[in-house]
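# Coordinate analysis (summary)
The chain contents come next:
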Amino acid sequence: MWQNKQRRRAFALYEVLLGLTIFVVGVLVLGRSVQNCLNASSLGAEEDRVGQILANRMAEIQATPGFPDVKKETKVATGYGEIVLVQRSAPAGLMVEQNTELTGLNLVTLRAEWKRNGVAQSKKIEFYVYRSG
């Protein structure tokens, strides 16, 4: 009888340890999932910020009279670090009837370059700007 009680107590202890182990593993997995969600949210906010910077610069170029600068580099400070904005502009080289080049139309390329955890990142947009005369 004495051995039977000890076996039950030992078995109960093993059950508690097994349950505790499963709980700890579950909490660790849940913590890792929350960390991944926070990282994804942060990366999304960073990408949105870069997209907004590119859109703002594009609107500025389109609203400015005259032809866009052939090459221009600007540094923009953000909460995610410094972003280098590289602008390039060249004639679009589009042809119309009888192989005549369409003048006044420039292809502008904006490229944002930054580092995330020491790894180079970039995002690029291209658009046309028409200026007559």
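The following paragraphs examine the structure supplied in this document. (Residues numbered from 1 in each chain as written. Predicted model: local features only at pLDDT ≥ 70, side-chain atom pairs only at ≥ 80, totals over all residues. Heavy atoms only, no water.)

## Topic: the nonpolar core
Stated precisely, the cut-off is as follows: We define the nonpolar core as a collection of buried residues of types Ala, Val, Leu, Ile, Met, Phe, Trp, Tyr and Cys that are connected through side-chain atoms lying within 4.5 Å of one another. We call a residue buried when its accessible area falls under 20% of the maximum for its residue type, exposed when it is over 50%, and partly exposed in between, using a 1.4 Å probe and counting protein chains only. Strands here mean DSSP runs of E at least two residues long; helices mean DSSP runs of H or I at least four residues long; both are numbered from the N terminus. We call two residues in contact whenever any of their non-hydrogen atoms come within 4.5 Å of each other.
In this structure, Val 50, Ile 53, Leu 54, Ile 61, Ile 83, Leu 85, Val 108, Leu 110, Ala 112, Trp 114, Phe 127 and Val 129 together form the largest nonpolar core, which totals 12 residues. Elements with a contribution of two residues or more to this core: helix H1 (2–63), strand S2 (81–91), strand S5 (105–116) and strand S6 (119–130). Residues in contact with Trp 114, not counting those within four places in the same chain, are Glu 46, Glu 47, Val 50, Glu 82, Ile 83, Val 119, Ala 120, Gln 121, Ser 122 and Lys 123.

## Points about the sheet that holds S5
Definition in use: Only when DSSP finds a minimum of two bridges between them are two strands counted as paired. Axes, fitted as lines to C-alpha atoms, cover a helix only where it is in contact. Angles between the N-to-C directions of the axes lie from 0 to 180 degrees.
Taken in spatial order, the four strands line up as S1-S2-S5-S6 in an open sheet, and their pairing is antiparallel. Pairing within the sheet leaves two strands with one partner each, and these edge strands are strand S1 (71–78) and S6. Averaged over all pairs of adjacent strands, the angle between strand axes in this sheet comes to 20 degrees, irrespective of strand direction. Bridge analysis of S5 against S6 gives 12 bridges, and the strand direction is antiparallel.

## So, the pattern of salt bridges
Any two side chains of opposite charge can pair, given that their charged atoms come close. The cut-off we apply is this: Salt-bridge detection follows one rule: a side-chain nitrogen of Lys or Arg within 4 Å of a carboxyl oxygen of Asp or Glu.
Across all of its chains, the model carries five salt bridges by this definition. Ionic pairing is found between Arg 116 and Glu 46, a salt bridge with its closest N-O pair at 3.4 Å. Of the two residues, Arg 116 is situated in strand S5 and Glu 46 in helix H1; the sequence distance between them amounts to 70 residues. Residue Arg 116 is classed as buried on the basis of its relative accessible area, which comes to 18%. On the basis of relative accessible area, Glu 46 is assigned to the buried category, the value being 7%. The partner of Lys 124 in a salt bridge is Glu 126, with the nearest N and O atoms 3.9 Å apart. Note on Glu 126: relative accessible area 48%, which makes it partly exposed.

## Re unusual backbone geometry
The phi angle of most residues is negative, glycine excepted, and most peptide bonds adopt the trans form. Despite not being glycine, Asn 117 shows a phi value in the positive range, around 55 degrees. Among the secondary structure elements, Asn 117 is positioned in the loop between S5 and S6.

## Examining the side chain of Ser 89
This is how the line gets drawn: We call two N or O atoms a polar contact when they sit within 3.5 Å, provided that within protein one can donate a hydrogen and the other can accept it, with sequence-adjacent residues counted only if both atoms are side-chain atoms.
Along the chain, Ser 89 falls in strand S2. Looking at Ser 89, its side chain comes within polar contact range of the side chain of Asn 106, at 3.1 Å.

## What to know about the pairing of S5
Bridge count for S2 against S5 is eight bridges, and the pairing is antiparallel. Residue pairing for S5: Ala 90 is matched across the bridge by Leu 107. Taking the residues between adjacent antiparallel strands as the criterion, S5 and S6 are bridged by two residues, where Asn 117 takes a positive phi near 55 degrees.

## Thoughts on the side chain of Gln 87
As for its placement among the helices and strands, Gln 87 is situated in strand S2. Here the side chain of Gln 87 touches Arg 57 through a polar contact of 2.5 Å, side chain to side chain.

Taken by themselves, the reported measurements are silent on function.
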